[in-house]
Amino acid sequence: MPAPLTSLPPEENAELALSVERAYREAAVLDRLEALWALILAKCFVLQWAIDAYAVPVHGLFYVWTLTFAMAILASALYLQAHRLRLRLLPWRGRVSSALLAGLLVGLGGLAYAHGALGLLPAGVAAAFACVLLGNASLVRATLLGGPEPLLGALLWWLAAWQAARDADGRALLWVGLGFLLAQALPGFARLARRRREQRV
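Anyway, here's the lowdown on the structure attached to this text. If you're wondering where the values come from, they're calculated on a predicted model, not measured in any experiment.

Further remarks concern the overall build of the protein chain. Each helix and strand counted, the protein chain has six helices and zero strands in total. Overall, the protein chain shows an N-to-C arrangement of helices and strands of α-α-α-α-α-α. Evaluated residue by residue, the protein chain yields a buried proportion of 36% over its 201 residues. In the protein chain, once contacts between residues fewer than 6 apart in sequence are set aside, the share between residues at least 24 apart is 65%.

As structure tokens, this is what we get:
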């Protein structure tokens, strides 16, 4: 009877190889989920920009953000359950990455409050600062994870920040949305494809 097809070695290193393969699959699931969420955020920001720019009679907070987030959270939970993974509030391992994510959320929240509630920052300046923060986070991820994709994402985020700062305030959401698409989602999918090719070799 022929042996079953598997990427694991047949004898003494099978248990170690199984642990490595499980860790790889878990990382791939979380990376894929992160890239999909970046795509979702890109869609939300671009649609909100279009609603504001073209005076579309649609309530963006409900039809774009609330409905999208409700369905995305449900789909993410089912996706993680299907892969038998727990939802992590701090998905990156280690104290440095956890502190990075917490600092990023605090910084973005502060920018949103300064622009939306206090009116201290114009929309373009707030968007530029947000893109800079997201670019810095991608740079740190490039140092922690390796690979060219997070570094390319950082450069694209900084380019989006430059464009948002010099463009009209009415296009601030557009540049943030394009940043999530070009600097976060696409590099994430490219990283997944590269790791899949490396695993086959």
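On we go.
Moving on: the nonpolar core. With 24 residues, the main nonpolar core has Cys-131, Trp-157, Val-176 and Phe-180 as its most contacted residues. Mapped onto this core, the elements with two or more residues apiece are α1 (14-53), α2 (60-82), α3 (95-117), α4 (123-145), α5 (148-166) and α6 (172-200). Per-element tally for this core: the top contributor is α6, with six residues. Those residues in contact with Phe-180 that sit more than four places away from it in its chain are Ala-38, Leu-41, Ala-42, Phe-45, Leu-134, Trp-157 and Ala-185.

So, about a nonpolar patch on the surface. Together, Tyr-54, Val-56, Val-58, Phe-62, Tyr-63, Leu-67 and Met-71 make up an exposed nonpolar region whose accessible area comes to about 710 Å². Tracing the chain through its elements places Val-56 in the loop between α1 and α2.

Before going further, it helps to spend a moment on the packing of aromatic side chains. Counted according to the given criterion, the structure contains seven aromatic pairs. Ring geometry for Phe-62 against Tyr-63: centres 4.9 Å apart, planes inclined by 85 degrees, an arrangement best described as edge-to-face. Ring centres of Trp-65 and Phe-69 lie 6.1 Å apart, and the angle between their planes is 40 degrees; this geometry places the pair in the tilted category. Remark: Phe-69 and Trp-65 occur in helix α2; sequence separation between them is four residues, near one turn of the helix.

Glancing now at the pattern of salt bridges. Inspection of the entire model under this criterion finds six salt bridges. Among the ionic pairs, Arg-195 bridges to Asp-31, the shortest N-O distance being 2.9 Å. Pair noted here: Arg-195 is in helix α6 and Asp-31 is in helix α1, with a separation of 164 residues, a long-range link. Exposure class is identical for Arg-195 and Asp-31. Each is buried. A salt bridge links Arg-194 to Glu-198; the nearest nitrogen and oxygen atoms lie 2.9 Å apart.

Next up on the list: α4. Given a rise of 1.5 Å per residue, 23 residues ought to cover 33 Å, and the 32 Å separating the end C-alpha atoms of α4 matches this to within 8%. Listing the buried residues of α4 in full gives Gly-124, Ala-126, Ala-127, Ala-128, Ala-130, Cys-131, Leu-134, Gly-135, Ala-137, Ser-138, Arg-141 and Ala-142. After α4 finishes, the residue Gly-146 shows a positive phi value of roughly 80 degrees.

This part takes up the packing of α4 against α5. Close contact between α4 and α5 brings their axes to 8 Å; oriented N to C, the two are set at 170 degrees. Taken together, the axes of α4 and α5 lie roughly antiparallel to each other. Of the residues in α5, those in contact with Gly-124, Ala-127, Ala-128, Cys-131, Val-132, Leu-134, Gly-135, Asn-136, Ser-138, Leu-139, Arg-141 and Ala-142 of α4 are Pro-150, Leu-151, Gly-153, Ala-154, Trp-157, Trp-158, Ala-160, Ala-161, Ala-164 and Ala-165. Here the contact of α4 with α5 is composed, by residue class, of 16 nonpolar, five polar and one charged.

With that settled, the discussion passes to the side chain of Arg-191. Inspection of the secondary structure puts Arg-191 in helix α6. Residue class for Arg-191 comes out buried when judged on its relative accessible area of 12%. Setting aside its immediate chain neighbours within four residues, Arg-191 contacts Asp-31, Leu-145, Gly-146 and Glu-149.

Now for α5. Its 19 residues give α5 an end-to-end C-alpha distance of 28 Å, which sits within 8% of 27 Å, the value for a rise of 1.5 Å per residue. Among all positions in α5, only Glu-149, Pro-150, Gly-153, Ala-154, Trp-157, Ala-160, Ala-161, Gln-163 and Ala-164 are buried. Contacts made by the buried residues of α5 are with α4 and α6.

One non-glycine residue, Ala-55, lies in positive phi territory at about 50 degrees. Structurally, Ala-55 is set in the loop between α1 and α2.

Procedures and definitions
Residues numbered from 1 in each chain as written. Predicted model: local features only at pLDDT ≥ 70, side-chain atom pairs only at ≥ 80, totals over all residues. Heavy atoms only, no water. Helix = DSSP H or I, 4+ residues; strand = E, 2+ residues; numbered from the N terminus. Buried < 20%, exposed > 50% of the residue type's maximum accessible area, 1.4 Å probe, protein only. Contact = heavy atoms within 4.5 Å. Core = buried A, V, L, I, M, F, W, Y, C linked by side-chain atoms within 4.5 Å. Patch = residues over 30% accessible without salt bridge, like charges linked within 9 Å, V, L, I, M, F, W, Y side chains within 5 Å. Areas by Shrake-Rupley, 256 points an atom, 1.4 Å probe, with all protein chains shown as cover. Salt bridge = Lys/Arg side-chain N within 4 Å of Asp/Glu carboxyl O. Phe/Tyr/Trp six-rings, centres within 6.5 Å; stacked < 30°, edge-to-face > 60°. Expected span 1.5 Å × (residues − 1). Axes fitted to C-alpha atoms, helices over the stretch in contact; angles between N-to-C directions. Parallel < 35°, antiparallel > 145°, perpendicular 65-115°, else oblique. Nonpolar A, V, L, I, M, F, W, Y, C, P; charged D, E, K, R; others polar.

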